[in-house]
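Spelled out, the chains give:
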Amino acid sequence: MLLRRLPASIAILRRPAAATVRSRLPCRAISPRLYTIVPAMSAIKEKITDWVSADSKTGEFQRKPSVFRSFIKPDSQFPPEANRYHLFVSYACPWAHRTLIVRQLKGLESLISVSVVHWHMGTGGWRFSTASDAPSSDPAVVTAPEPIVGATMLSDVYFTAEPGYTGRYTVPTLWDTKTRTIVNNESSEIIRMLYTAFDDLLPADAAGRGVTYLPSDLEARIEEMNAWVYDTVNNGVYRSGFATTQQAYEDAVTALFASLDRLEAILAESSGPYLFGDRLTEADIRLYPTIVRFDPVYVQHFKTNLKMIRHDYPRLHKWLRHLYWDVPAFRDTTDFEHIKKHYTKSHPQINPKGITPLGPVPDMVAKDA
């Protein structure tokens, strides 16, 4: 009778003798004959879309580190093999976008397969399309259950790899079909694997064979640029948009535009169309997914509206248009429908009614405009 009178927000757990319980709830060890009362999962579990904790004193968005950090390399648990590895991605996600660009630049499409999730992210995370969704002409946008794991949600992939997993379900996710586990879910590491790990499996005359986007003579400068671009630009747009206090927003957005000004100055001094002259490098690949989303989404949705790329940064705009119109791996992997619908319809704390703005028009300005 006593148990039935407990509030609905309380759950009673009993730990069996000599049992190991893996739970998403933090529980202390207890005696087999004792009970401990903890808040029920429904009472304490944060939603996937709770980007900043409700009790945050600063209101700052803090990105959690990726969890799976293994590498594909010879004589390892994950050796390079054709058709063994699979990428789960979103066309909307800038971090996943990096991996799609490099996969195509290197010519790895026939070696590494891809599944694209639906553009909508709900409280349970990314999901795969269903029969009720508008059909896609892109075969990579698969319908649940997707064919690699049989997943309906991306979380199913993570729980297949690790049944007790308690982290976030993020893209990109590099999956090993042989051992049925996740190799890596950190985009910066995945793209570096793709630079060289599969070169021996490419035809001798393949354009991408032997090409790296982290040349040794530029590595230190690229690493230095990566650090501040990640903090203030790639992640800076999120820190601006997800901020829950005025101060956190202003700190993030002013740092963002200071870095955009810096990038504009770097391109003014560049001897070629890229950040480091006439060589396309990792710095360009990592920056592009943020800049291509800037005017269509971030300006209005994340309130990064001090300036626009197309109106206020002529060199950045020229750099962006060159990559989009002249390098197919960038244009082919950019899907503005997924990008705009994902952000505007998956963040109810920012856009409660899920209205997607029609502009700006066009999504990408013509190269010679």
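The numbers attached to residues start from 1 for each chain and follow its sequence in the written order. Given that the model is predicted, a residue must reach a pLDDT of at least 70 before its local features are reported, and side-chain atom pairs must reach 80 or more before they are shown or counted; all residues, however, enter totals for whole chains, interfaces and linings. To get the side-chain values, take all heavy atoms of the structure and skip hydrogens and water.

## Some points on the sheet that holds strand S7 (residues 173-176)
The sheet built from four strands is open, its strands ordered S4-S3-S7-S8 with mixed pairing. Looking along the sheet, the strands with just one partner apiece sit at the ends: strand S4 (113-116) and strand S8 (181-184). Neighbour to neighbour, the strand axes of the sheet diverge by 35 degrees on average, direction disregarded. The sheet strands contacting helix H2 (residues 94-106) are strand S3 (85-89) and S4, and the helix crosses S3 at an angle near 135 degrees. Two strands are counted as paired when DSSP detects at least two bridges linking them. Where helices and strands are cited, they refer to DSSP runs of H or I of at least four residues and of E of at least two residues respectively, numbered from the N terminus. A fitted line through C-alpha atoms serves as each axis, taken over the contacting stretch for helices, and the angle formed by two N-to-C directions is quoted from 0 to 180°. Only heavy atoms enter the contact rule, under which two residues are in contact if any of them lie within 4.5 Å.

## Remarks on the confidence of the model for the protein chain
Every residue gets a pLDDT, meaning the predictor's confidence in that residue, from 0 to 100. For the protein chain, mean pLDDT is 88; residues scoring 70 or higher make up 84% of the total. Considering only residues more than four positions removed or in separate chains, one finds that residues 1-44, a stretch of pLDDT under 50, has 47 contacts.

## Let's talk about the packing of H2 against helix H4 (residues 187-196)
Put simply, H2 and H4 touch, their axes get as near as 9 Å, and they point 5 degrees apart. On the basis of the axis angle, H2 is roughly parallel to H4. Of the residues in H4, those in contact with Trp95, Arg98, Thr99, Val102, Arg103 and Lys106 of H2 are Ser187, Ser188, Ile190, Ile191, Leu194 and Tyr195. When residues are grouped by polarity, Ala, Val, Leu, Ile, Met, Phe, Trp, Tyr, Cys and Pro land in nonpolar, Asp, Glu, Lys and Arg in charged, and all others, Gly among them, in polar. Split by residue class, the contact of H2 with H4 holds six nonpolar, three polar and three charged. For classification, angles of less than 35 degrees are called roughly parallel, those exceeding 145 degrees roughly antiparallel, those between 65 and 115 degrees roughly perpendicular, and all remaining angles oblique.

## With respect to empty space enclosed by the protein
Here the term cavity refers to a set of points on a 1 Å grid, laid over the protein atoms alone, in which a 1.4 Å probe fits but cannot get out; the term pocket refers to an open set having protein on both sides within 12 Å along at least five of seven lines, with lining residues being those that place an atom within 4 Å of a point. Grid points are joined across faces, edges and corners, and a volume is the space filled by probe spheres set on the points. Counted under the stated rule, the structure contains three cavities of 30 Å³ or more. Taken as a whole, the largest cavity encloses approximately 70 Å³ of empty space. For the lining of the largest cavity, the elements supplying multiple residues, two or more each, are helix H8 (282-301), helix H9 (309-312) and helix H10 (314-326). In terms of residue count, the dominant contributor to the lining of the largest cavity is H8 (four residues). A class-by-class count of the residues in the lining of the largest cavity yields seven nonpolar, one polar and three charged. Of the voids in this model, the second largest cavity is the one considered here, and its volume is about 50 Å³. Along its surface, the second largest cavity is lined by Met225, Asn226, Val229, Tyr230, Asn234, Leu263, Leu275, Ala283, Arg286 and Leu287. Where the lining of the second largest cavity is concerned, the elements lending two or more residues are helix H5 (219-234) and H8. For the lining of the second largest cavity, the element with the most residues is H5, which contributes five residues. Residues of the lining of the second largest cavity, tallied by class, amount to seven nonpolar, two polar and one charged.

## As for the side chain of Arg286
Inspection of the secondary structure puts Arg286 in helix H8. Salt bridges are absent for the buried Arg286, whose nearest opposite-charge side chain, Glu282, sits at 4.2 Å. Engagement of the side chain of Arg286 in a polar contact is seen with the side chain of Asn226, the distance being 3.4 Å. Ignoring any residue separated from it by four or fewer positions in sequence, one finds Arg286 in contact with Arg98, Ser188, Ile191, Asn226, Tyr230 and Asn234. Buried residues are those whose accessible area, probed at 1.4 Å on protein chains only, stays under 20% of the maximum for their type, while exposed residues exceed 50% and partly exposed ones sit between those limits. The convention is simple: Lys and Arg are positive, Asp and Glu are negative, and His and the chain ends are not counted. Basic side-chain nitrogens of Lys or Arg form a salt bridge, by our definition, when they fall within 4 Å of a carboxyl oxygen of Asp or Glu. In the analysis that follows, any N or O atom pair within 3.5 Å is treated as a polar contact, provided that within protein one partner can donate a hydrogen and the other can accept it, and provided that, for residues neighboring in sequence, both atoms belong to side chains.

## Quick notes on the pattern of salt bridges
Between side chains of opposite charge, a pair can form when the charged atoms approach closely. For the structure on display, the rule yields 17 salt bridges. Measuring nitrogen to oxygen at the nearest pair gives 3.1 Å for the salt bridge that ties Glu81 to Lys178. With Glu81 in the loop between helix H1 (41-44) and S3 and Lys178 in the loop between S7 and S8, this pair connects stretches of sequence that are 97 residues apart. Its relative accessible area of 25% is what places Glu81 among the partly exposed residues. In this structure, Asp295 engages Arg310 in a salt bridge whose closest nitrogen and oxygen atoms are separated by 2.9 Å. You can see Asp295 sitting in helix H8 and its partner Arg310 sitting in helix H9, a full 15 residues away along the chain. Across this residue pair, the class does not change: Asp295 and Arg310 are buried. The network of salt bridges with shared partners includes Glu81, Arg84, Asp176 and Lys178.

## Let's talk about the packing of aromatic side chains
Planes of paired rings set the category: under 30 degrees apart is stacked, over 60 is edge-to-face and the rest tilted, where pairs are Phe, Tyr or Trp rings (Trp by its six-membered ring) whose centres lie within 6.5 Å. Evaluation of the coordinates by the stated rule reveals 24 aromatic pairs. When the centroid spacing of 5.8 Å and the interplanar angle of 55 degrees are considered together, the rings of Trp95 and Tyr230 count as tilted. Here Trp95 is found in helix H2, whereas its partner Tyr230 is found in helix H5, with 135 residues between them in sequence. Summarising the aromatic geometry, the rings of Tyr324 and Phe336 are spaced 6.2 Å apart at their centres and angled 45 degrees between planes, so their arrangement reads as tilted.

## Focus on the pairing of S7
Neither face of S7 is open: one carries Thr173 and Trp175, the other Leu174 and Asp176, and all of them are buried. Relative to S7, S3 runs antiparallel, the two sharing four bridges. Each bridged residue has a counterpart across the sheet, and for Leu87 the counterpart in S7 is Leu174. Note: S7 against S8, three bridges, orientation antiparallel. Bridge pairing links Trp175 to Ile182 in S8. Where S7 folds back on S8, the antiparallel hairpin that results is connected by four residues, among which Arg180 adopts a positive phi of roughly 55 degrees.

## What to know about the packing of H8 against helix H12 (residues 336-346)
Packing of H8 against H12 leaves a shortest axis separation of 10 Å and a crossing angle of 20 degrees. As far as their axial angle goes, H12 and H8 are roughly parallel. Considering how the two elements wind past one another, H8 and H12 form a crossing that is right-handed. Judged by residue contacts, Val292, Arg293, Pro296, Val297, Tyr298, Gln300 and His301 of H8 engage Phe336, Ile339, Lys340, Tyr343 and Thr344 from H12. When its residues are assigned to classes, the contact of H8 with H12 shows seven nonpolar, three polar and two charged. Throughout, a crossing is termed right-handed when the near helix is turned clockwise from the far one, and left-handed when it is turned anticlockwise from it by less than a right angle.

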